[in-house]
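# Structure assessment
Letter by letter, the chains look like this.
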Amino acid sequence: MAEYERSRTMPAQPEHVFDQAANVDQLDAWLPDALHVDVEDPPAVTVHEDRTGEDMPALLRSEPDQMRLEWGTREQGSYAGWLQVAGIGSGASEVTVHLSFFDAGHDPGEQAVNDALDGSLRRLEEQVRMRVDNAGG
């Protein structure tokens, strides 16, 4: 089993960050470029992975009261993950994403995963900034 975790501080209230992260219509805006989520009958989703060309049945759960998203494969148990948003004061938040790969065949490797997580957190921050700037302007 391989586990990865990355965090990023974002200059926005945790509620704004979580609302953006949990917006299923905009997941593709911040998820890794190679992943695409098709929401079926929540919490059921299908994840398409460009790297393998596979569609995987998965679950995506949102826990707004905890500012947490959780996901994972439905049948295979190949991977799971979560995103947690926490307020850190002064109108800022820390977002942590954690991934667990239970099947080595689905683990693209440490460098690839860390690059994907860093890129996703950067894109999520860009989405949050656009939302906050548009709301304030």
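Here's a quick rundown of the structure. (Residues numbered from 1 in each chain as written. Predicted model: local features only at pLDDT ≥ 70, side-chain atom pairs only at ≥ 80, totals over all residues. Heavy atoms only, no water.)

## Let's talk about the overall build of the protein chain
Within the protein chain, the regular secondary structure consists of two helices and seven strands. Traced from its N-terminal end to its C-terminal end, the protein chain shows the element sequence β-α-β-β-β-β-β-β-α. The C-alpha atoms of the protein chain give 15 Å as radius of gyration, which agrees with the globular expectation for 137 residues (14 Å, within 12%). In terms of principal-axis extent, the alpha carbons of the protein chain reach across some 45 × 30 × 25 Å. Classification of the 137 residues of the protein chain by burial places 41% in the buried group. Expressed as a percentage of contacts within the protein chain between residues at least 6 apart in sequence, the contacts between residues at least 24 apart total 51%. Counting every atom, the protein chain has about 7400 Å² of accessible surface; 46% of that belongs to carbon and sulfur. Positive and negative side-chain charges in the protein chain, numbering 10 and 27 respectively, have mean positions lying 5 Å apart. (Helix = DSSP H or I, 4+ residues; strand = E, 2+ residues; numbered from the N terminus. Rg over C-alpha atoms; globule rule 2.2 N^0.38 Å. Buried < 20%, exposed > 50% of the residue type's maximum accessible area, 1.4 Å probe, protein only. Contact = heavy atoms within 4.5 Å. Areas by Shrake-Rupley, 256 points an atom, 1.4 Å probe, with all protein chains shown as cover. Lys, Arg positive; Asp, Glu negative; His and termini not counted. Charge placed at Lys NZ, Arg CZ, Asp CG, Glu CD.)

## What to know about the nonpolar core
Judged by nonpolar contacts, the single largest core of 32 residues is most densely connected at Trp30, Leu69, Trp71, Leu83, Val95 and Leu124. Here this core takes five residues from helix H2 (residues 110–136), the largest share from any one element. When sequence neighbours within four positions are dropped, the list of residues in contact with Val95 reads Arg6, Ser7, Arg8, Met10, Val17, Leu83, Gln84, Val85, Leu121 and Leu124. (Core = buried A, V, L, I, M, F, W, Y, C linked by side-chain atoms within 4.5 Å.)

## Concerning the pattern of salt bridges
Applying the stated criterion across every chain yields a total of six salt bridges. Salt-bridge contacts for Asp118 lead to Arg6; the nearest nitrogen and oxygen are separated by 2.8 Å. Here the residue Asp118 occupies a position in helix H2, and Arg6 occupies one in strand S1 (residues 2–10), the gap between them amounting to 112 residues. For Glu70, the salt bridge goes to Arg68, with nearest N and O atoms at 2.7 Å. (Salt bridge = Lys/Arg side-chain N within 4 Å of Asp/Glu carboxyl O.)

## Describing the layout of surface pockets
What the largest pocket holds in volume is close to 660 Å³. Lining the largest pocket are 29 residues, with Pro32, Leu35, Trp71, Tyr79 and Leu99 positioned closest to its centre. At the level of secondary structure, the elements contributing two or more residues to the lining of the largest pocket comprise strand S2 (35–39), strand S3 (44–49), strand S4 (54–63), strand S5 (68–73), strand S7 (92–101) and H2. Broken down by element, the lining of the largest pocket gets its largest block of residues, five residues, from H2. (1 Å grid on protein atoms, 1.4 Å probe; cavity = no way out; pocket = protein on both sides within 12 Å on 5 of 7 lines; lining within 4 Å. Points joined across faces, edges and corners; volume = space filled by probe spheres on them.)

## With respect to the environment of Ser93
Here Ser93 lies in strand S7. By relative accessible area, which is 0% here, Ser93 ends up buried. Spatially, the C-alpha atoms of Ser93 and Glu15 are 9.0 Å apart, while their sequence positions differ by 78 residues. Excluding anything up to four places from it in sequence, Ser93 contacts Arg8, Thr9, Met10, Ala12, Gln13, Pro14, Val17, Val85, Ala86, Gly87 and Ile88. A polar contact is formed between the side chain of Ser93 and the backbone oxygen of Ala12, at a distance of 2.6 Å. (Polar contact = N/O pair within 3.5 Å; in protein donor to acceptor, adjacent residues only side chain to side chain.)

## Some thoughts on the side chain of Thr46
With respect to the helices and strands, Thr46 occurs in strand S3. Classification of Thr46 by relative accessible area gives buried; the value is 17%. Those residues in contact with Thr46 that lie beyond four places of it in its chain are His36, Val37, Asp38, Glu40, Asp55, Met56 and Arg74.

## Details of the packing of aromatic side chains
One pass over the structure, following the stated rule, counts two aromatic pairs. Ring geometry for Tyr4 and Phe101: centres 6.0 Å apart, planes at 70°, overall edge-to-face. Of this pair, Tyr4 sits in strand S1 while Phe101 sits in strand S7, and the two are 97 residues apart along the sequence. A relative accessible area of 10% places Tyr4 in the buried class. (Phe/Tyr/Trp six-rings, centres within 6.5 Å; stacked < 30°, edge-to-face > 60°.)

On their own, these measurements won't tell you what the molecule is for.
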